[in-house]
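Chain by chain, the residues run as shown.
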Amino acid sequence: MHPLRVSVRAVCYRDDTLLLAEHRDDRGLWYILPGGGIQHNETLDQAFKREMLEETGGDAQMGDVLFVREVIADKLDTTYLPKHLHQIELFVEAKDFRQISQPSDMDKDQIGIVWMPLEKLPDLLFFPSTMISALQTRRFDKIYQGHIL
């Protein structure tokens, strides 16, 4: 049996930019919204705060859940996800971001953070790519997006 993983990801806007975690591997540069797994006995808000500090060195207030996606690695044609990963990701609004330190515990392959102009999102290797338009317009038509990459 493989456990279900639940994670929280921050959707943090500043003017016409979006805060992204920047990664590098054999594909080159790629980007995701900062965040990660919720630990046992940790609330969603606590995980949000911890992940923001670890990956961005920042602090923000957690807002509303904007959308949810599911990732099931065994149903995707990729070798970049852990085998048997089944993850539910809660994408939440990050309000009043402020930088308070350097990132303290970045993910594997993460090389930093960037404030990416919204118009550049389609040009990036970005996940979840199917949400680029919604992230650019800041309009999320439904909460549950399904199994998307």
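Above this note sits the structure.
Everything quoted here is computed from the prediction, not taken from an experiment. Per chain, residues are indexed from 1 in the order of the written sequence. Local features in a predicted model are, by the rule used here, given only for residues with pLDDT of at least 70; side-chain atom pairs are given and counted only at 80 or more, and totals for whole chains, interfaces and linings are based on all residues. With hydrogens and water excluded, all non-hydrogen atoms of the structure serve as input to the side-chain values.

Trainee: Lay out the pattern of salt bridges with the relevant residues and their values.
Mentor: What counts as a salt bridge is simple: a side-chain nitrogen of Lys or Arg found within 4 Å of a carboxyl oxygen of Asp or Glu. Scanning the entire structure with this criterion turns up ten salt bridges. With a closest N to O distance of 2.9 Å, E51 and R50 form a salt bridge. Here's how the labels work: a residue is buried when its accessible area is under 20% of the maximum for its type, exposed when over 50%, partly exposed in between, all with a 1.4 Å probe on protein chains only. The class for R50 is buried, based on a relative accessible area of 18%. One salt bridge connects R98 with D59, and the closest N-O pair in it is separated by 3.7 Å. Taken together, the residues R98 in strand β7 (residues 86–99) and D59 in strand β6 (residues 58–72) connect sequence positions 39 residues apart. Comment: elements are numbered from the N terminus, with helices defined as DSSP H or I runs of at least four residues and strands as E runs of at least two.

Trainee: Tell me about the sheet that holds strand β5 (residues 35–37), and name the residues and values.
Mentor: Strand order in the open sheet made by the five strands is β5-β1-β7-β6-β10, with mixed pairing throughout. Single-partner strands in this sheet number two, and they are β5 and β10 (144–147). Between one strand and the next, the sheet's axes are offset by a mean angle of 25 degrees, whatever the strand orientation. A strand pair is defined by DSSP finding two or more bridges across the two strands. In this structure, β6 lies alongside β10, joined through two bridges in parallel fashion. Across the sheet, V68 pairs through a bridge with Y144, a residue of β10. The contact criterion used is simple: two residues touch if any of their non-hydrogen atoms lie within 4.5 Å. Fitted lines through C-alpha atoms serve as axes, helices being fitted only where they are in contact, and the angles separating the N-to-C directions of these axes extend from 0 to 180 degrees. Running at roughly 100 degrees to β6, helix α1 (residues 44–56) makes contact with β1 (5–11), β5, β6 and β7 of the sheet.

Trainee: Give a description of the packing of aromatic side chains that names residues and reports values.
Mentor: Aromatic rings considered in pairs are described by the distance between their centres and by the relative angle of their planes. Here a Phe, Tyr or Trp ring, Trp counted by its six-membered ring, pairs with any other such ring whose centre lies within 6.5 Å, and the pair is stacked when the planes are under 30 degrees apart, edge-to-face when over 60, and tilted otherwise. For the structure on display, the rule yields four aromatic pairs. Residues F97 and W115 carry aromatic rings whose centres are separated by 5.6 Å and whose planes lie at 75 degrees to one another, so their mutual orientation is edge-to-face. One end of the pair, F97, is in strand β7; the other, W115, is in strand β8 (residues 110–117), with 18 residues separating them in the sequence. Take W115: its relative accessible area is 21%, and that puts it in the partly exposed class. One aromatic cluster is present, formed by F67, F91 and F140 through successive ring pairs. For a lysine, the NZ atom is tested; for an arginine, the CZ atom; a charge sits over a ring if that atom is within 6 Å of the ring centre and within 35 degrees of the ring normal. Sitting over the ring of Y80, R27 keeps its end group 3.7 Å from the ring centre. The ring of Y13 has R138 sitting right over it, with the charged end atom 4.1 Å from the ring centre.

Trainee: Describe α1, listing the residues and the values that go with them.
Mentor: Look at α1: 17 Å from first C-alpha to last across 13 residues, which is about the 18 Å you get at 1.5 Å a residue. Listed in full, the buried residues belonging to α1 are A47, F48, R50, E51, M52, E54, E55 and T56. Turning to α1, the residues buried within the fold contact β1, β3 (17–25), β5, β6, β7 and β8. Any helix carries an expected span of 1.5 Å times its number of residues minus one.

Trainee: If you had to explain the pairing of β6 to someone new, which residues and values would you point to?
Mentor: Counting buried positions along β6 gives eleven out of 15 residues, so the element sits mostly inside the fold. Across eleven bridges, the pairing between β6 and β7 is antiparallel. Residue pairing in the sheet places R69 in a bridge with E89 of β7.

Trainee: For the environment of P128, give the residues involved together with the corresponding values.
Mentor: Note on placement: P128 falls in the loop between β9 (126–127) and α2 (132–137). Accessibility expressed as a relative area gives 1% for P128, which makes it buried. Through-space distance from the C-alpha of P128 to that of L149 is 5.0 Å; in sequence the pair is 21 residues apart.

Trainee: Explain the nonpolar core to me, and be specific about the residues and the numbers.
Mentor: One finds V11, L18, L20, L33, L121, F126 and L135 to be the most contacted residues of the largest nonpolar core, which totals 18 residues. With three residues, α2 is the single largest residue contributor to this core. Excluding anything up to four places from it in sequence, V11 contacts L18, L33, L66, F91, V92, E93, A94 and L135. In this text, buried Ala, Val, Leu, Ile, Met, Phe, Trp, Tyr and Cys residues form a nonpolar core when linked through side-chain atoms within 4.5 Å. Residues C12, L19, V92 and A94 belong to the second largest nonpolar core, which totals ten residues.

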